[in-house]
Amino acid sequence: MNFNEIWKVVLGIIASVGGIGVIILCISNYLSKLFADKYLEKVKTDFEIKLESYKSQLEITKTVSLRYSNSQFEEYSKLWASRVISF
């Protein structure tokens, strides 16, 4: 074997390993993107569920607070009316 043949064999090995490396890189890139998208959807869904829960809790708190404020206003109005009439 001369130097030229050895060089062709070495370049052939490097090219085949490089080609396999590119294929493996493309496959791993595709799979990682696929898993990342699935994880992102899962996290997004979890946050949307939590957000809806917080919204419903806020709505309940708002309703309770408004009922309390309205009943308090009614009581103050009755008290005021009874004080005005007694003077």
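See the structure above.
Rules used throughout
Residues numbered from 1 in each chain as written. Predicted model: local features only at pLDDT ≥ 70, side-chain atom pairs only at ≥ 80, totals over all residues. Heavy atoms only, no water. Helix = DSSP H or I, 4+ residues; strand = E, 2+ residues; numbered from the N terminus. Buried < 20%, exposed > 50% of the residue type's maximum accessible area, 1.4 Å probe, protein only. Areas by Shrake-Rupley, 256 points an atom, 1.4 Å probe, with all protein chains shown as cover. Salt bridge = Lys/Arg side-chain N within 4 Å of Asp/Glu carboxyl O. Patch = residues over 30% accessible without salt bridge, like charges linked within 9 Å, V, L, I, M, F, W, Y side chains within 5 Å.

Colleague: Which parts of the structure should I look at to understand the overall build of the chain?
Modeller: A count of helical and extended segments in the chain gives one helix and zero strands. Each principal axis of the C-alpha distribution contributes one length, and for the chain these read about 125 × 15 × 5 Å. The proportion of buried residues among the 87 residues of the chain is 0%. By element, 70% of the accessible surface of the chain is carried by carbon and sulfur atoms, the whole surface being about 8,300 Å².

Colleague: Is there a simple way to explain the pattern of salt bridges in this structure?
Modeller: It is possible for side chains bearing opposite charge to pair when their charged atoms get close. By the definition in use, this model includes four salt bridges. With a shortest N-O distance of 3.5 Å, Lys33 and Asp37 are connected by a salt bridge. Linking Lys33 with Asp37, this pair stays in helix α1 (residues 3-86), spanning four residues, or about one helical turn. In this structure, Glu52 and Lys55 form a salt bridge, with 3.9 Å as the shortest nitrogen-oxygen distance.

Colleague: Help me understand a nonpolar patch on the surface, please; the structure alone is not making it clear to me.
Modeller: Among the surface-exposed residues, Met1, Phe3, Ile6, Trp7, Val9, Val10, Leu11, Ile13, Ile14 and Val17 lie close enough to one another that they form a single nonpolar patch of about 1,000 Å² accessible area. In this structure, Met1 sits in the segment before α1.

Colleague: I'm lost on the environment of Ile27 in this one. Help?
Modeller: Its place among the elements puts Ile27 in helix α1. For the pair formed by Ile27 and Trp80, sequence separation is 53 residues and the distance between their alpha carbons is 78 Å.

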